[in-house]
Every structure is written in structure tokens, then in C-alpha cells.
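Observations on the model geometry
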Amino acid sequence: RRLAEVTSAAAAANLVRCAGDRTRPCVLEELRGSALHYLLIDPGTGARGPEVYRAPLTGRFLRSHALSPDGQTLAVVDGASAVTTVAVATGATTRHELRPGAEAQSIAWAADGASLLVTAFSGGDELFNLIRLGLDGRRRTAASSNYRWFWRAHEAPTGDAVAVQARDLELDIWLVEGLAP
């Protein structure tokens, strides 16, 4: 049965993420006007709860959110060079800078619950990066590539492996004749 209906324009990345991607509570991203609203949602009934966070729509297509394994902290990325964390109980926010020029595209909580796995475009020596960002400010590039776009990393519950979607980009060079004036 349908729990929520959203426009396809709002479906830029994740619509619903649950604590640790496994259990309640869950957060729904909902687009209303020029703002994104992050609301608690009951995955069993679809009932919407209070708003946890609100952010302006940036116009960047790729964005993502994830709820910590304990359900206490929401992490949001919107194509900017920072991750915003939100205390679910109070709404208090903190910005965690990645690197100048980085465009954060997807986010997930690491198994330890104290760090995040962020995929980002640029902001490093190579074009595409998978970054482990600690809430204490430490960050480490876990993988990088100029031709492999990383997206939606997920760490095993034991913390000993990370699965990440990747798309290999291939560049072709073509000679097109007959276009001279």
C-alpha cells in the first residue's frame, strides 16, 4: 500500500531513510515550494511526524540524507562542500566541511555511528571521491578516481568492508568532418 506520494521532481536521491537504514525511526524528504522538509515518518502506517529539519532547495540535482544507527542524528548533503548534521530531538545543526570545491552527493552512516561515508565530486586530487568524515572533524579519502563515479556507499555492520555503487565513465574522441564554415 502507498505510504506517501511525492512528485518525481522531488525524487532527486533518497526519499526515506531509516535509522542505520534498518529500523525506526525514519525520515521522509518532502519538497514543498522552494524548501526541502525532513519529517519523521512511520514506515508502518505512513503517518508523518514532526519536521526535523528544513533547507532551501539549492537547484543541485544530487542530494542525500541518512539517519544515524541510533536514530538521533540526521545527516544531509545537497551538493555543497559540507555535510549538515541535525540533532533529531532539538533541531540543532552543525556543518562539517569536506574540502574546498567538493560537491557532496550521497551520504551514509559508517558502522561505528561516529563517522559518515560521503561521495563527492571534486575537492581532492581526483574527480570522484569517497570520504570518511568523522563527526570530530577528521576526514580521510577512502577511494578516489578520475573515471569512476562513486555513489551510495554502505559499510558492513562489522566495519570491515564497504560496498559502493560505481559508474565507470569512458571518454571517446571523435573527428567530425564537414562542419567548417
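Above this text is the structure in question.
Let's shift gears to the nonpolar core. Ranked by size, the top nonpolar core spans 14 residues in total, and within it A75, V83, L98, I107, L116 and V118 carry the most contacts. Apart from the residues lying within four places of it in its own chain, the contact partners of L116 are A75, V83, T85, I107, A108, W109, A110, I131, R132, L133 and L135.

Take the state of the cysteines next. Applying the stated criterion across every chain, the model contains one disulfide. The disulfide bridge from C18 ends at C26, spanning 2.0 Å between sulfur atoms. Its S-S torsion of about 100 degrees marks the bond between C18 and C26 as right-handed, since a negative value means left-handed. C26 matches C18 in its accessibility class, with the two residues each being buried.

Moving on, we get to the pairing of strand β11 (residues 128-134). Extensive coverage of β11 is indicated by the burial of six of its seven residues. Both strand β10 (residues 115-121) and β11 contribute to a ladder of seven bridges, which runs antiparallel. From the neighbouring strand, T119 faces β11, where its bridge partner is L130. Across six bridges, β11 lies against strand β12 (residues 139-145) in antiparallel orientation. Across the sheet, residue L130 finds its bridge partner in β12, namely A143. In sequence, β11 turns back onto β12 through a hairpin of four residues, with G137 there showing a positive phi of about 100 degrees.

Between R24 and P25 the backbone carries a cis peptide bond, its omega angle lying at 0 degrees. Looking at the element boundaries, P25 is found in strand β2 (residues 23-32). Positive phi outside glycine occurs at D21, with the angle close to 60 degrees. Residue D21 is classed as partly exposed on the basis of its relative accessible area, which comes to 33%. For R152, which is not a glycine, the phi torsion comes out positive at approximately 55 degrees. Tracing the backbone through its elements, the reader meets R152 in strand β13 (residues 148-155). Judged by its relative accessible area of 22%, R152 is partly exposed.

Turning our eyes to something else, we now look at the sheet that holds β10. Note: strands within a sheet are paired through backbone hydrogen bonds, in either parallel or antiparallel orientation. One open sheet holds the four strands; their spatial order is β9-β10-β11-β12, and the pairing between them is antiparallel. Every other strand in the sheet has two partners, leaving β9 (103-109) and β12 as the edge strands with one partner each. Here the average twist between neighbouring strands, direction ignored, is 20 degrees.

So, about the environment of E29. Of note, E29 is situated in strand β2. Judged by its relative accessible area of 1%, E29 is buried. Here the alpha-carbon distance between E29 and R60, two residues 31 residues apart in the chain, equals 15 Å. In terms of polar contacts, E29 uses its side chain to reach the side chain of R63, at 3.0 Å.

Rules behind the numbers
Residues numbered from 1 in each chain as written. Predicted model: local features only at pLDDT ≥ 70, side-chain atom pairs only at ≥ 80, totals over all residues. Heavy atoms only, no water. Core = buried A, V, L, I, M, F, W, Y, C linked by side-chain atoms within 4.5 Å. Buried < 20%, exposed > 50% of the residue type's maximum accessible area, 1.4 Å probe, protein only. Contact = heavy atoms within 4.5 Å. Disulfide = S-S within 2.5 Å. Helix = DSSP H or I, 4+ residues; strand = E, 2+ residues; numbered from the N terminus. Pairing = 2+ DSSP bridges. Axes fitted to C-alpha atoms, helices over the stretch in contact; angles between N-to-C directions. Polar contact = N/O pair within 3.5 Å; in protein donor to acceptor, adjacent residues only side chain to side chain.

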